Amino acid sequence: MPAQAEKADRTKPLNFTADALRYDDARQTNVLTGNVVITKGTMVLRAGRVEVKQTSDGHQSAVANAAAGKLAYFRQKRDGVDEHMEGEADRIEYDGKSDTVRLIGNAVIRRFRGGTMSDEVQGQSITYDNLGEVFSVNSGGTSGEGGRVRGVLSPRETPASGPAAGETR
């Protein structure tokens, strides 16, 4: 399940809503609490608490922690295709410089083709590197059935798997 994010998102401003904000100018840190919703281009992040940092060279990172009894949520469009990735976990870490997202604790990630879910993977932690298109899931010994990684991967339709010339379905 490659997960290359929409490239245009990297240059978009980060917008947010929350119940409260604490900004530390010296550390370039924003702590957002209560019903936090962050958007950056096609990326959406929802959580109970999010700490956003910006480096001196302009890269942003965020650590989102779920509200009590809920999971933090992440969604982003994939570049050049009609697909979205969405995930949920106890904690979500986004690093804009390395263009990676890490979902930690009760992690699940889904790929939607158009509006239809095609793939789903669950584990204790899930990391995807958007630049390298590398995706990894770890069980941590406690997730899924018997502490294992679980998932469903749907086959991609290729021109060869569609109707043959002159054939209708």
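Below is a summary of the structure that appears in this document.

What counts, and where the lines are drawn
Residues numbered from 1 in each chain as written. Predicted model: local features only at pLDDT ≥ 70, side-chain atom pairs only at ≥ 80, totals over all residues. Heavy atoms only, no water. Helix = DSSP H or I, 4+ residues; strand = E, 2+ residues; numbered from the N terminus. Buried < 20%, exposed > 50% of the residue type's maximum accessible area, 1.4 Å probe, protein only. Contact = heavy atoms within 4.5 Å. Areas by Shrake-Rupley, 256 points an atom, 1.4 Å probe, with all protein chains shown as cover. Phe/Tyr/Trp six-rings, centres within 6.5 Å; stacked < 30°, edge-to-face > 60°. Lys NZ or Arg CZ within 6 Å of the ring centre and 35° of its normal. Core = buried A, V, L, I, M, F, W, Y, C linked by side-chain atoms within 4.5 Å. Patch = residues over 30% accessible without salt bridge, like charges linked within 9 Å, V, L, I, M, F, W, Y side chains within 5 Å. Salt bridge = Lys/Arg side-chain N within 4 Å of Asp/Glu carboxyl O.

1. Digging into the overall build of the protein
If you tally the helices and strands in the protein, you get zero helices and twelve strands. Helices and strands in the protein line up, N terminus first, as β-β-β-β-β-β-β-β-β-β-β-β. Taking all 169 residues of the protein together, the buried fraction comes to 36%. Of all intrachain contacts in the protein linking residues separated by at least 6 positions in sequence, the fraction that spans at least 24 positions is 42%. As displayed, the protein has an accessible area near 9,400 Å², and 49% of this comes from carbon and sulfur atoms.

2. A few points about the packing of aromatic side chains
Taken as a whole, this structure holds one aromatic pair when the rule is applied. A ring pair is formed by Phe74 and Tyr128, whose centres lie 6.4 Å apart and whose planes are at 65 degrees; its orientation type is edge-to-face. With Phe74 in strand 6 (residues 72–77) and Tyr128 in strand 10 (residues 116–129), this pair connects stretches of sequence that are 54 residues apart. What makes Tyr128 buried here is its relative accessible area of 2%. Lying across the ring of Phe112, Arg75 places its NZ or CZ 5.7 Å from the centre.

3. Details of the nonpolar core
Soluble, globular proteins show a tendency: their nonpolar side chains are buried together. The biggest cluster of nonpolar side chains holds 24 residues, and the ones touching the most others in it are Leu45, Val50, Ile92 and Leu103. Secondary structure elements with two or more residues in this core: strand 3 (29–40), strand 4 (43–54), strand 5 (60–65), strand 6, strand 7 (83–89), strand 8 (91–95), strand 9 (100–113) and strand 10. Apart from the residues lying within four places of it in its own chain, the contact partners of Leu103 are Gly87, Glu88, Ala89, Arg91, Ile92, Val108, Ile109, Gln124, Ser125 and Ile126.

4. Observations regarding a nonpolar patch on the surface
Taken together, Phe16, Leu21 and Tyr23 make up a surface patch of nonpolar side chains, about 300 Å² in accessible area. For Tyr23, a relative accessible area of 43% puts it in the partly exposed group.

5. Quick word on the pattern of salt bridges
Inspection of the entire model under this criterion finds 13 salt bridges. Of the charged contacts in the structure, one is a salt bridge between Arg111 and Asp119, with a shortest N-O distance of 2.8 Å. Considered together, Arg111 and Asp119 belong to a single accessibility category, that of buried residues. Here the salt bridges do not stand alone but share partners, grouping Arg75, Glu86, Glu88, Arg110 and Glu120 into one network.

6. Focus: the environment of Gly140
Among the secondary structure elements, Gly140 is positioned in the loop between strand 11 (134–138) and strand 12 (150–153). Owing to a relative accessible area of 57%, Gly140 belongs among the exposed residues under this scheme. Distance from Gly140 to Ser125, taken between C-alpha atoms, is 7.3 Å for residues 15 residues apart in sequence.

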